[in-house]
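Chain by chain, the residues:
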Amino acid sequence: MTMAETYVRGVGNTRFGRLPGSTPLTLMAQAADAALAHAGLPRDQIDGVLCGYATTLPHLMLADRFCEFASLRPAYAHGMAGGGATGGLMAMLAHDLVRSGRCRNVLVVAGENRLSGQSRDQSVQTLAQVGEPEIEVPNGASVPAYYALLASRYLFETGLDADALSDFAVLMREHAAGHPDAHLREPLTLDAARQARPIASPLRLSDCCPISDGAVAIVVSPEPGPGRPVRIAGAGQAHRHQHLCAIDDVMTTGAADAAGRALAEAGCTVADIDTLAIYDSFTITLVMLLEEIGIAPRGQAVARLRAGDFRADGPLPLNTHGGLLAFGHSGVAGGLMHLAEAARQLAGTAGARQVPPHRRALFHADGGVLSSHVSLILEAS
């Protein structure tokens, strides 16, 4: 059977930050409206809906609840949960649904009011459940603590110090300054990043993403949208573990496997990639993913950054919207925003943030503690 090509036809997002009075449903509806308008599609042309989970609205049938709220009546719909990788996992499924002919136009949507609709203690308690239930959670570990353990091991293995991570926080803030919807747009100096208060040693506040309200939606179709056509050329996943204590080697978590599968499907290599959209819940997340995927040799991601390679005007622009570290983290929507930004850059519709024309983008996201991995290759025609 011949598989149809799939394109990112429409993209939409809300502002990220504190949005009083918002709910997951209102945020997702706003992002969906923007994506549909961008795609030039009426509601009745959406025959598939994939909805990311929301910790502030843990509804057992969130996709149906959202469709009811947004006046959608798809032939195929369900909710998905894969931690921070959920946005990419939904996009990969949408790609497969359209390729196979099961659906024609799939709306992928996620959002929640994680900042204004949830207390700090609720957030800490909810997210900490990603830990191993008999050892890690009872001992009071939090998500920053899990990633701090990864950071400690990484720094030991590479001989770097914690100050090296701060460069990525500064770069993401620089990129977010150019996006009007970003949560953290104020400048961050390297000195300020390195002097930020400790959260979980060796991670400082500047190494951690903010908690945000916000939503993102994309439409995957067999026809392209405005601007240069942006095709989903390859996709891959990898799942080696759930809990930190089950990782055999923290330097090999499955990211390379997922990226390798996506690159093989797209018929290209890392050397052919010229735009990056890499998950960055913490600076250490970004550094470890860049190196495991093969964008930089082990211990050399910081060196590539300092050489200017990842700047918006560099040879390999990275997270030109500011990533989770600065654009903001609204649960599933935070990761999905990386894909939306990559699509806009390749289509030439990124406005003031537009980098020179590029051909291929690599999107990668992880969920849990570098647990679930998904990679997508976007290609501009």
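The model shown is predicted, which means the values in this text are computed figures rather than measured ones. (Residues numbered from 1 in each chain as written. Predicted model: local features only at pLDDT ≥ 70, side-chain atom pairs only at ≥ 80, totals over all residues. Heavy atoms only, no water.)

K.L.:
Please explain unusual backbone geometry as it appears in this structure.
P.N.:
Of all residues except glycine, most have a negative phi; of all peptide bonds, most are trans. In this structure, the amide linkage connecting S201 to the following residue, P202, adopts the cis form with an omega of 10°. Residue placement: P202 occurs in the loop between β5 (198-200) and β6 (203-204). Non-glycine residue N319 carries a positive phi angle of around 45°. Within the secondary structure layout, N319 lies in the loop between α10 (301-306) and α11 (323-326). (Helix = DSSP H or I, 4+ residues; strand = E, 2+ residues; numbered from the N terminus.)

K.L.:
Before we go on, may I ask you to explain the packing of helix α3 (residues 86-100) against helix α12 (residues 332-347) in this structure?
P.N.:
Any two packed helices are characterised by how steeply their axes cross, that is the angle between the axes, and by the distance between the axes. Relative to each other, α3 and α12 sit at 55°, their axes nearing to 7 Å. In terms of orientation, α3 and α12 fall into the oblique class. Each of T86, G87, M90 and A91 in α3 lies in contact with α12, whose residues at this interface are V332, L336 and L339. When the residues that make up the contact of α3 with α12 are grouped by side-chain class, the tally is five nonpolar, two polar and no charged. (Axes fitted to C-alpha atoms, helices over the stretch in contact; angles between N-to-C directions. Parallel < 35°, antiparallel > 145°, perpendicular 65-115°, else oblique. Contact = heavy atoms within 4.5 Å. Nonpolar A, V, L, I, M, F, W, Y, C, P; charged D, E, K, R; others polar.)

K.L.:
I'm lost on the environment of L27 in this one. Help?
P.N.:
Along the chain, L27 falls in helix α1 (residues 24-39). What makes L27 buried here is its relative accessible area of 2%. Note: C-alpha distance between L27 and T14 (13 residues apart in sequence) is 6.9 Å. The residues contacting L27, other than those within four sequence positions of it, are T14, L19, S22, E112, N113, D213, G214 and A215. (Buried < 20%, exposed > 50% of the residue type's maximum accessible area, 1.4 Å probe, protein only.)

K.L.:
Explain the pairing of strand β4 (residues 106-113) here, please?
P.N.:
In regular strands, side chains alternate between the two faces of the sheet. Counting buried positions over the eight residues of β4 gives eight, a clear majority of the element. Burial along β4 is two-sided: the residues V106, V108, A110 and E112 and L107, V109, G111 and N113 are all buried. In this structure, strand β2 (residues 48-52) lies alongside β4, joined through four bridges in parallel fashion. Residue pairing across strands places V49 opposite L107, the latter belonging to β4. Here β4 pairs with strand β7 (residues 213-221) via eight bridges, running antiparallel. Within β7, the residue paired with V108 across the bridge is I218. (Pairing = 2+ DSSP bridges.)

K.L.:
Mind showing me how you'd approach the pattern of salt bridges here?
P.N.:
The tally for this structure, following the rule as stated, stands at 21 salt bridges. Its salt-bridge partner being R9, residue E223 comes within 3.4 Å of it at the nearest N-O pair. Taken together, the residues span a long stretch of sequence, with E223 in the loop between β7 and β8 (230-239) and R9 in strand β1 (residues 7-13) at a distance of 214 residues. A salt bridge links R298 to E291; the shortest N-O distance between them is 3.8 Å. On the basis of relative accessibility, which here comes to 37%, the residue R298 falls in the partly exposed class. Of the residues examined, E291 reaches a relative accessible area of 5% and is grouped as buried. (Salt bridge = Lys/Arg side-chain N within 4 Å of Asp/Glu carboxyl O.)

K.L.:
Would you mind going over the UniProt feature "domain: Thiolase C-terminal" (unreviewed entry) in the chain with me for this structure?
P.N.:
UniProt records the feature "domain: Thiolase C-terminal" (unreviewed entry) at residues 236-379, using the numbering of this structure. With 34% helix and 17% strand, the stretch residues 236-379 has end C-alpha atoms that lie 15 Å from each other. (UniProt positions renumbered as here; feature names shortened; annotations may be inferred.)

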